[in-house]
Each structure stands twice: as C-alpha cells, then as structure tokens.
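# Descriptive structure summary
Listed below are the residues making up each chain.
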Amino acid sequence: MTDVVSRHADVVIIGGGLSGTLLAVQLLRQSHARRIVIIEPRPELGRGEAYSATELGHTLNGNAARMSVDPGNADDLTEWLTRFIDDGGWPQSAEQSLPVAELFPPRGIFGLYAQQRLAEARAAGARYGATAEHVRAQAIDLQTHAEQVEITLDNGQVWYGRQAVLATGMFPAARTALKAPGGLNAGAVDPWDVQAMRGLDRQARVLIIGSGLTMVDAVVSLDQAGHRGPITVISRHGLWPHVRRQPPSWPDFLAAADNVRSPRQLMAEVRKQCRQALQQGVDWQAPLDTVRVHIARLWSQASERQKRQFVRHVRPWWESHHHRSPPPSDALVQRLIREGRLTLQAASYQRADGTTLTIRRRGESTSVQLQGDALINSSGIEYDWRRVDKPLPRQLLARGLIRPGPLALGIEADVDGAVLDAQGLVAERLFAMGPPLRGMWWESTAVTDVAAQAKRLATTLLSRC
Ligand SMILES: Cc1cc2nc3c(=O)[nH]c(=O)nc-3n(C[C@H](O)[C@H](O)[C@H](O)COP(=O)(O)OP(=O)(O)OC[C@H]3O[C@@H](n4cnc5c(N)ncnc54)[C@H](O)[C@@H]3O)c2cc1C
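No experiment lies behind these values; they were computed from the predicted model shown.

Conventions we followed
- Residues numbered from 1 in each chain as written.
- Predicted model: local features only at pLDDT ≥ 70, side-chain atom pairs only at ≥ 80, totals over all residues.
- Heavy atoms only, no water.
- Helix = DSSP H or I, 4+ residues; strand = E, 2+ residues; numbered from the N terminus.
- Rg over C-alpha atoms; globule rule 2.2 N^0.38 Å.
- Buried < 20%, exposed > 50% of the residue type's maximum accessible area, 1.4 Å probe, protein only.
- Contact = heavy atoms within 4.5 Å.
- Areas by Shrake-Rupley, 256 points an atom, 1.4 Å probe, with all protein chains shown as cover.
- Lys, Arg positive; Asp, Glu negative; His and termini not counted.
- Charge placed at Lys NZ, Arg CZ, Asp CG, Glu CD.
- Phe/Tyr/Trp six-rings, centres within 6.5 Å; stacked < 30°, edge-to-face > 60°.
- Near = heavy atom within 4 Å.
- Polar contact = N/O pair within 3.5 Å; in protein donor to acceptor, adjacent residues only side chain to side chain.
- Nonpolar A, V, L, I, M, F, W, Y, C, P; charged D, E, K, R; others polar.
- Domains from an automatic or database assignment.
- Buried area = accessible area lost by both parts, 1.4 Å probe.
- Salt bridge = Lys/Arg side-chain N within 4 Å of Asp/Glu carboxyl O.
- Right-handed = clockwise from strand over helix to strand, strands pointing away.
- Pairing = 2+ DSSP bridges.
- Expected span 1.5 Å × (residues − 1).
- Axes fitted to C-alpha atoms, helices over the stretch in contact; angles between N-to-C directions.

### Regarding the overall build of the chain
Of regular secondary structure, the chain possesses 15 helices and 15 strands. Since a compact globule built from 465 residues should have a radius of gyration of about 23 Å, the 23 Å found for the chain is in line with a globular shape. Taken over the C-alpha atoms alone, the chain extends approximately 65 × 55 × 50 Å along its principal axes. When the 465 residues of the chain are sorted by exposure, 52% land in the buried category. Across the chain, contacts joining residues at least 24 apart in sequence account for 70% of those joining residues at least 6 apart. Approximately 20600 Å² of the chain is accessible, and the part contributed by carbon and sulfur atoms is 49%. Averaging the positions of the 54 positive and the 47 negative side-chain charges in the chain gives two centres separated by 5 Å.

### Side note on the packing of aromatic side chains
Summed over the entire model, instances satisfying the criterion amount to eight aromatic pairs. Between F171 and W385 the ring centres are 5.7 Å apart and the planes differ by 85°, which places this aromatic pair in the edge-to-face class. With F171 in the loop between β6 (158-166) and α5 (173-176) and W385 in the loop between β13 (374-377) and α13 (391-398), the pair connects residues that are 214 residues apart, well separated along the chain. Taken together, a centroid distance of 5.9 Å and an interplanar angle of 70° make the contact between W299 and F310 edge-to-face. With W299 in helix α10 (residues 295-301) and F310 in helix α11 (residues 304-322), this pair connects stretches of sequence that are eleven residues apart. Each member of the aromatic cluster is reached from another via a ring pair, and the members are Y51, W80, F84, F110 and Y113.

### As for the site of the ligand
Looking at the ligand, there are 30 residues lining it, with S19, E40, N61, T445 and V447 nearest. N61 places a polar main-chain atom, nitrogen or oxygen, 2.7 Å from an oxygen atom of the ligand. The contact in question runs from an oxygen atom of the ligand to an N or O atom on the backbone of T445, over 3.1 Å. For the ligand, whose unbound accessible area comes to 980 Å², protein coverage reaches 90%. Looking at the shell around the ligand residue by residue, the classes come out as 17 nonpolar, nine polar and four charged.

### Overview of the domain arrangement of the chain
In terms of domain boundaries, the chain breaks down into domain 1 (2-58 + 106-171 + 383-464), domain 2 (173-242 + 324-377) and domain 3 (263-322). For domain 1 versus domain 3, the separation of C-alpha centres amounts to 30 Å. Across the contact, eleven residues belong to domain 1 and 14 residues belong to domain 3. Of the roughly 1000 Å² buried where domain 1 meets domain 3, counting both sides, 63% is carbon and sulfur surface. Three residues stand out in domain 1 for area buried against domain 3, namely L407, W442 and E443, and they jointly supply 60% of the buried area on that side. If you look at where domain 1 meets domain 3, you find three salt bridges. Close ionic contact of E443 with R292 constitutes a salt bridge, the shortest N to O distance being 3.9 Å. Taken together, the links from domain 1 to domain 3 amount to three residue pairs in polar contact (both at pLDDT 80 or more). At four residues, helix α14 (residues 438-441) tops the list of elements feeding residues into the side of domain 1 that touches domain 3.

### Brief notes about the environment of A218
Looking at the element boundaries, A218 is found in helix α7 (residues 213-224). It is 8.5 Å that separates the C-alpha atoms of A218 and I208, two residues lying ten residues apart in sequence. Those residues in contact with A218 that sit more than four places away from it in its chain are P191, M197, I208 and I376.

### Details of the pairing of strand β8 (residues 206-209)
Burial of β8 is two-sided: the residues V206 and I208 facing one way and the residues L207 and I209 facing the other way are all buried. Viewed along the sheet, the connection from β8 through α7 into strand β9 (residues 231-235) turns out right-handed. Two strands pair when backbone bridges link them, and β8 and β13 are joined in this way by four bridges, in the parallel orientation. Counted as the bridge partner of I208 is I376 from β13.

### A few points about the pattern of salt bridges
Should the charged atoms of two oppositely charged side chains come close, the side chains can pair. This model, assessed by the stated rule, comprises 28 salt bridges. One salt bridge in this structure joins R117 and E120, with 3.0 Å as the shortest N-O distance. Remark: E120 and R117 occur in helix α4 (residues 107-126); sequence separation between them is three residues, near one turn of the helix. Residue classification places R117 among the buried positions, given a relative accessible area of 7%. For E120, a relative accessible area of 36% translates into the label partly exposed. Residue R386 is joined to D384 by a salt bridge in which the shortest nitrogen-to-oxygen separation is 3.0 Å. Given a relative accessible area of 54%, R386 falls into the exposed group. The exposure class assigned to D384 is buried, which follows from its relative accessible area of 10%.

### What to know about helix α15 (residues 447-464)
In a regular helix each residue adds 1.5 Å, so 18 residues correspond to 26 Å; α15 covers 26 Å between its end C-alpha atoms and thus fits that length. Taken together, the buried positions of α15 are V447, D449, V450, A451, Q453, A454, L457, A458, T460 and L461. Of the surrounding elements, those touching the buried residues of α15 are β1 (8-14), α2 (18-29), α4, β6, β15 (426-432) and α14.

### Describing the sheet that holds β13
The mixed open sheet is built from seven strands, whose spatial order is β7-β13-β8-β9-β10-β11-β12. Lying at the two open borders of the sheet, with one neighbouring strand each, are β7 (188-189) and β12 (368-371). Note that β8 and β9 share four bridges and pair parallel. Counterpart to I208 in the pairing with β9 is V233. Packing against the sheet, α7 makes contact with β8, β9, β10 (342-353) and β13, and its axis sits at approximately 160° to β8.

Spelled out as structure tokens, the structure:
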C-alpha cells in the first residue's frame, strides 16, 4: 500500500524535454504545494533531442534575443548567457565578436540554460513544499479513471496523477518510419549520430534525403568529422533553407487584415509586403517575421480544405523561408556549395537499396539511380501518431483516448490543451503540449511556442485541479 501511495502525483508529465521541463518550471513557480513527476528515459531533463546536441556547431536557429524560455522576459536567455560566458562557459563565442544577444548558442548550452531554470524553480518550489521528480523510464500505457490517470512504465512501475500531460515531443522520421529490411532507414545513418559520422570514410559519397535544418546539422557534423567527399542532397522541391538575418521590425500588416482568409490570400499579401520591403531597401525577412505571431490563429481558423492547400502549396516555401539556418552553419553550407562538394537535386525519393537510391527528378517521368557510400535520412518529423511505432502512442490510440489532429498532424486537443478522445469528448485529466499539437496550431514546436504553452497550461492545470 505504501508503495502505491508513493506513486501518486498531482501532475505527471510524460516527456522531460524542453516542453515538459518548462511546464514543471511554470508549475513550481505558482505558490502551491504540489508533487510533480516527470517521466523521461533520458538521463537529463530539459534536453530532449534538440538540446542533447554535443556538437558546438549544432546551434539554435535564432539568436539569444529570440530564444528566451520566459514569456515575461525576452532578455532571459541573453542575461543567462552573458553570465555563462563571463564564467568561461563558452570560450569559442569570442570568435564571433558579436554582442551576446546576437549570438546563436550551441543547443547543448541552451539545454544547460533550461536545466538551470528548472533548478531555480525547484529551489523556489521547495519553500512551500512543491517538488518535481525525474523518474527515468518510458511510459508505455495510460488509462484514465474518474479521479486520476494511471500510467504504466517500461520498468513495471505504475504511477497515478490527478492530471497527466503528454509532452512527448517529436518522433524523427529517421527513427520511426521505414525501418523494415530494405526500407530507407535500414541502411541510413541517423542525422544526429555524431559518432556514426566520425566512422565514415573521409571521401565517402554521402547522400542526404531532405534539405531542411536537420540536413544542415548533418552537414555540420560531417565537416567536423573531417569528411571531405561529395554530398548530394535530395529534396522534392529543391529548396535550400535561407539564412537567418536580423531584419528590422515591419508594420504588423496582418493585425487588421480582414481580407486574409485563405492560404492563397495569405501568400498574396505576404508577397506584396515582401516586394514593398525590397523596394524600400528593407530585408524581405522583416515582413515575413510578422506573420509568425498570426500563424496559429490563421491555421486554427482555416477550413480543412484550406489547411490542405497550405500544406500542399505553401509548406515547402514556408519551411525554407521561415525555418532559417543559423549564420555559422549557413556559411559552411555556402562554402561547400561553392567548392562543388555539396549539391542539391530536386527529386522525389522512391526506393533505397542499401546506399543506392532510386529517385525521380522534378519534371522528369523516368527514375534514375544514385549510388552513394553512405545515406542520411533527414526527411524530418513523423507527425502522424498512427505511423509512430512506439508503445504509448499505440496504446493511447488503441484505447480510444486520443484521436489524430487536423490532417493527422499530431493529436487533437481543445484550446486549453485538453486532449479529445476517439469520440471527440474532451478529457478532464489528460493534456498535451508542444509538437503533439502541431495539427492544432501549425507552429507548436519552437522554443517560444513551447515556452508560451507551458505558461498557459500551468495556469489551466492549476485552475482545474
Ligand atoms: C534537432 C532539433 C533542433 C531544433 N532546433 C531548434 C531551434 O534551434 N530553435 C527552436 O525554436 N526550436 C528548435 N527545435 C524544436 C524543438 O524540438 C523544440 O524547441 C523542443 O525541443 C520541443 O521540446 P519537447 O520537449 O516538446 O520535445 P522533445 O525535445 O522531442 O522531447 C520530448 C521528450 O519526451 C520523451 N518521451 C517521448 N515519449 C516518451 C514516453 N512514452 N515516456 C517518457 N518520455 C517520453 C523523449 O525521450 C524526449 O526527451 C529543434 C528540434 C530538433 C529536433
């Protein structure tokens, strides 16, 4: 009995990446005694995939001024980083000769920042009896009852929470899909496996599928590993990510734009504003960055047909123009392009046979084969939980406790983050945040998205407990 009682918490957070950690921070900051438990198999909280990076060249894609985890203080990361650098924490930053606010910190260092904010929140919470414990395990099943949520872990433990939150993050396509023999991932190198990159022949012909920021990470790791051979990137639309600059501010043209009701109208308006900016000698990134704050509203107001149109026609453009590359990584990419070592083919992937790829180039009707010595799958994230081969998503779907979100991107929830079951009923005690809500808000992944969600969700959980 004692054992069971000790496994009761007020809030059980499943996933201790950035989302789960920031939620714990926000809960601990509210002055209430509360037991929070974070279920996370990784040894450290606050890191997840993104901030476990060990490569210094794997940086944030925004500068410190844009990446605060405190929605109430935009300078929070800059202030923390200033002290960290003053204490000798990141000596290489001096090479960039930039003010701290303009630096693009390595993601591993950003993980330390999130951890320190958690440590401070734990200390604050301890003053009134609030705790946040890390249980190192994977949640493999979940059931909801009238008074509590029951969570089964892969170590055999069962935890009970008055409320539970799915903060399970992203499922990289490189790990979740096509694992079967003969499938793409069977012979592919994980894009974030720095050791595997070091194991490659320096002259290996490397084929990379996908041209987003994961590809940029892979190119950085290859370079750091001493690779000097040719790298061929295959992507359906043949677009490189743009580099992130620091554009000036631009009038918020969408705030009062009641003529923008569809993806087509949005694109037309954005193009018009970008043209105007360029005519005035202003960077096109300035108007584009004003779209960001409206994207969740525009997406959630759009009809299913409009969402499909957006994904089909605007998404590739949005990904390459909005999810921009940090300048240091972009400089490397540009150099390799100039040297002829990095090339891009606009083509769709059809088959992989070991490291031989069958592709069809854009505009052509016949397939061709590309022979490489190594293959890297950086085709992004699997958002459709029905295709994620992991116990918890499988069980939640099988029990009818969740249902796919719009366009099968993640799972469905109400505006407060309470998940909807297979019948569309809103859960009383089960919530989600971050990447699982991609279909609800379109952008539900970046640091600032999850930081804002953590704050709102903490308030919701408190008001409903
Ligand atoms: C490589 C990479 C780089 C990125 N760079 C940036 C950037 O520069 N700027 C930016 O704004 N955003 C960036 N992002 C987006 C980034 O994902 C988010 O900022 C943030 O990491 C999302 O945090 P999360 O906790 O929701 O997800 P994740 O970081 O994916 O963490 C989820 C955690 O849940 C755990 N988990 C999953 N299932 C279970 C289970 N069943 N039981 C227990 N634990 C479970 C996992 O182990 C993981 O640690 C990047 C993402 C990636 C993948």
